[in-house]
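# Report on the structure
Here are the chains, one letter per residue:
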2 protein chains.
Amino acid sequence: MSAERRRRRPRQTVVEKPSGPVQPPWRLHERRFDPTPIVSEDELEAIHEASLVVLRDTGMEFLHPTARKMWAEAGAKVDGDRVRFDPEMVTELVATAPGEFVLHAPDPARHLPMGGRNVAFASVASPPNVADRAGGRRTGNREDFRRLVMLGEVLNSIAFQGGYPVEPVDVHSSVRHLVATRDLLTLTGKALHAYSLGAQRNRDCLEMVRIVRGVSDDDLEAEPSIFTVVNCNSPLRLDTPMLEGILQYSARNQAVAVTPFTLAGAMAPVTVAGAVVQQNAEALAGMAFCQLVRPGSPVIYGGFTSNVDMQSGAPAFGTPEYMQAVLLGGQLARRYGVPYRSSNVCAANAVDAQAAYESVFSLWAVVMGGAHMVMHGAGWMEGGLQACYEKMVIDADMIGMVGEFLRPLATDTDSLAVEAIAEVGPGGHFFGTAHTLARFRDAFFKPMVSDWRNYESWAEAGSPTALDHAERLVGELLDAYQPPPLADDVRAELDDFTDRRIAEGGVETDF
Amino acid sequence: MSAERRRRRPRQTVVEKPSGPVQPPWRLHERRFDPTPIVSEDELEAIHEASLVVLRDTGMEFLHPTARKMWAEAGAKVDGDRVRFDPEMVTELVATAPGEFVLHAPDPARHLPMGGRNVAFASVASPPNVADRAGGRRTGNREDFRRLVMLGEVLNSIAFQGGYPVEPVDVHSSVRHLVATRDLLTLTGKALHAYSLGAQRNRDCLEMVRIVRGVSDDDLEAEPSIFTVVNCNSPLRLDTPMLEGILQYSARNQAVAVTPFTLAGAMAPVTVAGAVVQQNAEALAGMAFCQLVRPGSPVIYGGFTSNVDMQSGAPAFGTPEYMQAVLLGGQLARRYGVPYRSSNVCAANAVDAQAAYESVFSLWAVVMGGAHMVMHGAGWMEGGLQACYEKMVIDADMIGMVGEFLRPLATDTDSLAVEAIAEVGPGGHFFGTAHTLARFRDAFFKPMVSDWRNYESWAEAGSPTALDHAERLVGELLDAYQPPPLADDVRAELDDFTDRRIAEGGVETDF
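These notes cover the structure that comes with them. Here the structure is a predicted model, which means the values were calculated and not measured.

Throughout the structure, instances matching the rule amount to 39 aromatic pairs over all chains. Centre to centre, the rings of Phe261(A) and Phe304(A) are 5.5 Å apart; their planes meet at 45 degrees, and the pair counts as tilted. Note that Phe261(A) is positioned in the loop between β14 (255–260) and β15 (263–264) and Phe304(A) in the loop between β16 (299–302) and β17 (306–308), a separation of 43 residues in sequence. With centroids separated by 6.4 Å and ring planes inclined at 15 degrees, the aromatic side chains of Tyr301(B) and Tyr336(B) adopt a geometry described as stacked. One end of the pair, Tyr301(B), is in strand β16 (residues 299–302); the other, Tyr336(B), is in helix α11 (residues 320–336), and 35 residues separate them in sequence. Classification of Tyr301(B) by relative accessible area gives buried; the value is 0%. One aromatic cluster is present, formed by Phe33(A), Tyr357(A), Phe361(A), Trp364(A), Phe405(A), Phe33(B), Tyr357(B), Phe361(B), Trp364(B) and Phe405(B) through successive ring pairs. Positioned above the aromatic ring of Tyr455(A) is the side chain of Arg137(B), whose terminal nitrogen or guanidinium carbon lies 4.0 Å from the ring centre.

This is the structure we're talking about:
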């Protein structure tokens with residue numbers, strides 16, 4: 001055996017924790033340009049007014065007696081489950097919501113400003129199924145849940161955990177919120193979503209987050225530390241668990257993202273403008289209720305309007321209509337002066353060109369439309385029915401590119417490079433210039449997934465696709481995962497609480 | 001055999017010319033929003049000024065004695081091949097270029113307004129290689145050239161033919177321009193590019209286009225009917241054939257897209273701003289020369305700045321740096337009041353997620369950056385080294401989506417749908433309402449490629465990817481191809497001219 005070969009294959013290797021693939025660093029993203037409007041100011045007012053007419057004449061169902069009682073006391077017209085609103089009451093309530101706030105993460109280095117020029121991307125949330133290339137598609141379970149949380153932690157482009165990255169169906173629903181929230185709080189330091197699943201579960205999650213943040217009840221109320229998505233049961237209905245969410249979380253000054261589920265042609269009118277009129281009515285009513293519960297509590301205007309395939313009824317995502325609706329929702333959120341939530345969506349079943357183009361069309365719309373909170377930023381497939389490991393890596397890489405695009409373009413004298421251009425002159429090249437040598441290492445964004453080799457080298461390497469690279473990267477990234485620091489006493493307190501609540505049976509279910 | 005089965009399998013089928021896959025109709029696209037700036041007005045001026053300093057102090061090589069003579073007479077400092085410019089001379093010359101013009105197509109229904117709010121997408125141009133899934137990657141040839149021209153003709157999203165969709169290498173270069181241009185003029189009615197390949201070839205192409213347009217020499221000059229891309233041999237050099245192109249085409253009032261080839265880190269500084277300073281200097285010098293040749297002749301500001309992988313030197317496309325450069329180029333073109341040319345680019349070797357995300361990032365930048373002429377809109381792979389059939393279909397579908405996104409969002413009273421929302425009420429659905437039934441057929445964009453079936457139906461159908469669908473669509477689209485109408489006498493005149501010039505040997509070459 002030659003010396004060279006011996007050097008290459010040492011008999012003993014020191015196993016070190018790999019640092020993982022090269023990624024862009026964790027950073028907050030700021031839009032440096034104004035969001036793009038899709039309609040004129042007059043058209044925007046027409047949509048706003050139409051939404052108020054809907055709330056005044058048709059109204060909305062609030063499936064919670066406490067909510068209806070509060071509305072009646074506030075002067076709304078309550079008739080059975082139906083609540084009809086004086087337009088001024090709605091706009092005055094929404095006006096008490098803050099324009100910006102900070103979403104506090106367990107790890108203080110991961111706090112997120114919400115509003116203004118900021119934009120933050122979450123990992124996928126809530127699919128019932130999970131898939132990776134090796135294992136195929138399967139029902140959500142705790143093991144995959146944990147691994148996807150870890151992948152979301154290790155990927156720097158992902159700013160916060162959008163929820164359960166896949167539903168851990170193998171954990172009984174009586175204790176699932178306890179098991180899953182403890183997993184989240186021990187596996188990630190990033191900001192968290194909590195589901196609105198009824199009063200007791202909401203209280204459990206709040207307490208667990210409070211423990212890990214190491215703050216008092218009062219501090220927790222001063223520092224919004226979780227957000228919940230309140231989906232409207234469109235058209236025009238807020239159901240009991242969702243209203244319970246507002247009653248709990250808004251009361252504790254936590255963030256509520258009111259998100260109507262308005263698929264044009266199905267649960268909303270077949271026109272984009274009509275669907276957004278309905279979205280806007282539902283969002284206004286929901287946000288107004290948050291403010292009725294606690295004036296000044298942080299709310300987020302959620303837009304989720306997309307369309308369905310009118311032939312099959314199948315939902316479609318990342319479409320031109322979705323893009324228009326995202327831009328329009330952003331204009332409305334800015335009109336009301338509240339942060340805006342949107343999503344990175346796709347309907348694709350395979351991690352192919354469709355998955356990528358539907359997702360980048362979504363990213364285009366959310367970035368240009370002025371979204372602050374981008375749910376499902378990484379890993380969403382099949383219109384939300386599947387969380388996918390490889391897609392999460394590709395999405396995270398794409399978000400990294402978006403983040404780089406959003407960084408300020410340096411225009412100082414050195415960057416303008418007039419001297420370097422003079423030095424090289426006509427017909428030369430810049431590879432060896434001092435200007436290049438001083439900058440080349442960090443000059444450009446380095447994607448994880450993109451394969452830029454020439455065709456011949458690429459073919460020699462086995463013609464790997466983006467999916468091949470993503471599959472490899474999933475493994476490398478999970479190998480590089482490290483749990484966030486958690487003090488022993490905090491961990492003990494979290495375990496005490498969680499174990500006790502699990503021992504108590506969690507929350508009774510009827511199955 | 002049951003009656004049902006007999007109905008499903010008729011013994012004889014009538015074969016009709018297929019109308020092909022459902023596509024959006026041919027249409028012109030208008031941006032309804034302002035382009036997005038990437039730098040402030042002050043920063044833009046700094047870049048502009050830096051470019052003028054480059055032109056004043058370093059200057060540019062013009063490898064053509066006629067060009068140098070004209071510059072000397074105009075008052076520029078000529079020293080060998082090098083021309084140095086008084087800043088005012090450059091800006092005054094560029095100011096004589098028109099802000100908008102019409103690029104006339106052989107088919108009058110395909111004329112293209114260039115400038116203003118318009119944006120038009122071309123088919124891929126100039127790769128040396130061609131690929132489809134069945135046949136793999138191969139050197140460009142006339143058969144593939146013709147089939148790609150036909151695919152570009154039949155795809156409604158493609159507004160014009162950007163050049164030779166692949167180089168027909170099997171046609172000898174002495175007559176290639178004659179054979180290829182006749183193929184183009186008989187296979188497509190869409191607007192055309194002509195290469196700048198020396199004086200005689202340029203004259204041949206102009207005459208062939210004149211014949212097919214059926215106009216006089218004077219009318220051809222009044223109606224720009226071809227455009228040529230003049231690439232700078234960056235850094236800071238315009239070579240002989242390119243200058244010949246300006247001398248010929250600008251003199252005849254045809255459109256010239258001056259496009260520096262400024263890959264940051266290789267032929268341009270490693271900073272985006274520095275690369276664009278150089279791009280801008282070269283574009284200004286080229287456009288100024290067009291105006292020197294013929295004041296008021298149509299020019300297009302071409303931006304092609306991207307970056308290279310600094311580890312390997314490989315060019316990268318559809319990157320964050322590319323997006324920034326595209327937005328910045330748009331700001332500069334608007335500053336000079338001329339139409340802006342950009343491209344839909346990618347570096348991918350496979351028609352995978354990378355190909356799609358790099359392309360949509362490009363489309364994002366060109367649309368938001370205010371490009372009017374988008375070269376390589378459909379079919380570009382491998383950084384321009386490969387034209388791909390399936391990618392052309394996927395790109396065309398994506399351009400269709402972009403076109404739909406750009407359409408005005410209807411906000412009339414009917415579209416706001418307040419009555420339909422009242423009719424359906426809380427908890428209902430919109431599938432059967434009169435509002436939906438009146439609109440559902442044409443309510444939403446119908447992509448050709450996207451597969452929106454649910455996972456189970458999709459898996460049952462064999463789990464087709466976007467590439468599978470595109471492969472099928474290539475065949476269906478080519479089956480539906482129909483040549484543009486061409487009067488017998490025009491065709492005869494075109495053949496007479498072309499055959500005569502071929503018989504004469506075309507243009508002498510040294511190989």
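Okay, back to it.
Our next topic: the relation of the copies chain B and chain A. Relating the two copies of this chain is a rotation about some axis coupled with a shift parallel to it. Each copy superposes on the other: chain B lies on chain A with an RMSD of 0.0 Å after a rotation of 180 degrees and an axial shift of 0.0 Å. Such a combination of turn and shift is consistent with a two-fold rotation axis. Scanning chain B for the C-alpha nearest the rotation axis identifies Ala353(B), at a separation of 2.2 Å. A shared binding surface is used by both copies, with 100% of the interface residues of chain B retained as interface residues in chain A.

A word on the packing of helix α3 (residues 65–74) of chain A against helix α10 (residues 272–293) of chain A. Residue and element names in this part refer to chain A. Running from N to C, α3 and α10 point in directions that differ by 80 degrees, and their axes come no closer than 11 Å. The orientation of α3 relative to α10 falls into the category roughly perpendicular. Only Ala285, Ala288, Phe289, Leu292 and Val293 of α10 make contact with α3, whose side of the interface consists of Ala67, Met70, Trp71 and Ala74. Looking at side-chain class alone, the contact of α3 with α10 contains nine nonpolar, no polar and no charged residues.

All names here are of chain B. Across the sheet, which stays open at both edges, the four strands sit in the order β9-β8-β22-β21 with mixed pairing between neighbours. Of all strands in the sheet, those bounded by a partner on one side alone are β9 (136–139) and β21 (380–381). Bridge count between strand β8 (residues 129–132) and strand β22 (residues 386–388): three bridges; the pairing is parallel. Bridge pairing links Ala131 to Cys388 in β22.

So, on to the sheet that holds β17(A). Adjacent strands of a sheet form backbone hydrogen bonds with each other and so pair up, either parallel or antiparallel. All names here are of chain A. Overall, mixed pairing links the three strands, which are arranged β15-β17-β18 in an open sheet. The sheet is open, and its two borders are formed by β15 and β18 (315–316), each paired with just one other strand. Here β15 pairs with β17 via two bridges, running parallel. Paired with Ala264 across the bridge in β17 is Asn307.

A separate point is empty space enclosed by the protein. Residue and element names in this part refer to chain A. Counted under the stated rule, the structure contains six cavities of 30 Å³ or more. As for the largest cavity, its lining consists of 15 residues, and the residues nearest its centre are Thr181, His193, Ala194, Tyr195 and Cys205. Taken together, the elements giving at least two residues each to the lining of the largest cavity come down to α6 (176–187), β11 (191–193) and α7 (199–213). Residues of the lining of the largest cavity, tallied by class, amount to ten nonpolar, four polar and one charged.

With that settled, consider the environment of Pro128(B). Residue and element names in this part refer to chain B. One can find Pro128 in the loop between β7 (118–123) and β8. Here Pro128 falls in the partly exposed class, since its relative accessible area comes to 33%. Between the C-alpha atoms of Pro128 and Trp364, which are 236 residues apart in sequence, the distance is 27 Å. Discounting chain neighbours no more than four positions away, the residues touching Pro128 are Thr139, Gly140, Val166, Glu167, Gly384 and Leu385.

Its place among the elements puts Gln354(B) in helix α12 (residues 353–368). Setting aside residues no more than four positions away along its own chain, Gln354(B) makes contact with Ser450(A), Asp451(A), Trp452(A), Ala466(A), Ala347(B) and Ala348(B).

What follows covers the pairing of β14(A). All names here are of chain A. Counting buried positions over the six residues of β14 gives six, a clear majority of the element. Where burial is concerned, the two faces of β14 agree: the one with Ala255, Ala257 and Thr259 and the one with Val256, Val258 and Pro260 are both buried. Alignment of strand β12 (residues 226–232) against β14, held across six bridges, turns out to be parallel. For Val230, the partnering residue across the bridge sits in β14 and is Val258. Examined bridge by bridge, β14 and β16 share three bridges and lie parallel to one another. Considered in β16, the bridge of Ala257 is made with Ile300.

In a regular helix each residue adds 1.5 Å, so 18 residues correspond to 26 Å; helix α13 (residues 389–406) of chain A covers 26 Å between its end C-alpha atoms and thus fits that length. Among the 18 residues of α13(A), 18 are classified as buried, and the element is accordingly described as predominantly covered.

Below, the discussion takes up the layout of surface pockets. Residue and element names in this part refer to chain B. Reported here for the largest pocket is a volume of approximately 760 Å³. Contributing to the lining of the largest pocket are 34 residues, with Ala125, Ser126, Tyr195, Asn231 and Met242 lying nearest its centre. Only α6 (176–187), β12 (226–232), α9 (240–250) and β20 (373–378) provide two or more residues apiece to the lining of the largest pocket. The element best represented in the lining of the largest pocket is β12, accounting for three residues.

So, on to the nonpolar core. Residues Phe62(A), Trp364(A), Phe62(B) and Trp364(B) are the most contacted members of the largest nonpolar core, which totals 362 residues. Not counting the four nearest positions on each side in its chain, Trp364(A) is found in contact with Met323(A), Gly369(A), Val360(B), Leu363(B), Trp364(B), Val367(B), Met368(B), Val402(B) and Phe405(B).

Conventions used here
Residues numbered from 1 in each chain as written. Chains lettered and ligands numbered in written order. Predicted model: local features only at pLDDT ≥ 70, side-chain atom pairs only at ≥ 80, totals over all residues. Heavy atoms only, no water. Phe/Tyr/Trp six-rings, centres within 6.5 Å; stacked < 30°, edge-to-face > 60°. Helix = DSSP H or I, 4+ residues; strand = E, 2+ residues; numbered from the N terminus. Buried < 20%, exposed > 50% of the residue type's maximum accessible area, 1.4 Å probe, protein only. Lys NZ or Arg CZ within 6 Å of the ring centre and 35° of its normal. Least-squares fit on C-alpha atoms with pLDDT ≥ 70 in both. Contact = heavy atoms within 4.5 Å. Axes fitted to C-alpha atoms, helices over the stretch in contact; angles between N-to-C directions. Parallel < 35°, antiparallel > 145°, perpendicular 65-115°, else oblique. Nonpolar A, V, L, I, M, F, W, Y, C, P; charged D, E, K, R; others polar. Pairing = 2+ DSSP bridges. 1 Å grid on protein atoms, 1.4 Å probe; cavity = no way out; pocket = protein on both sides within 12 Å on 5 of 7 lines; lining within 4 Å. Points joined across faces, edges and corners; volume = space filled by probe spheres on them. Expected span 1.5 Å × (residues − 1). Core = buried A, V, L, I, M, F, W, Y, C linked by side-chain atoms within 4.5 Å.

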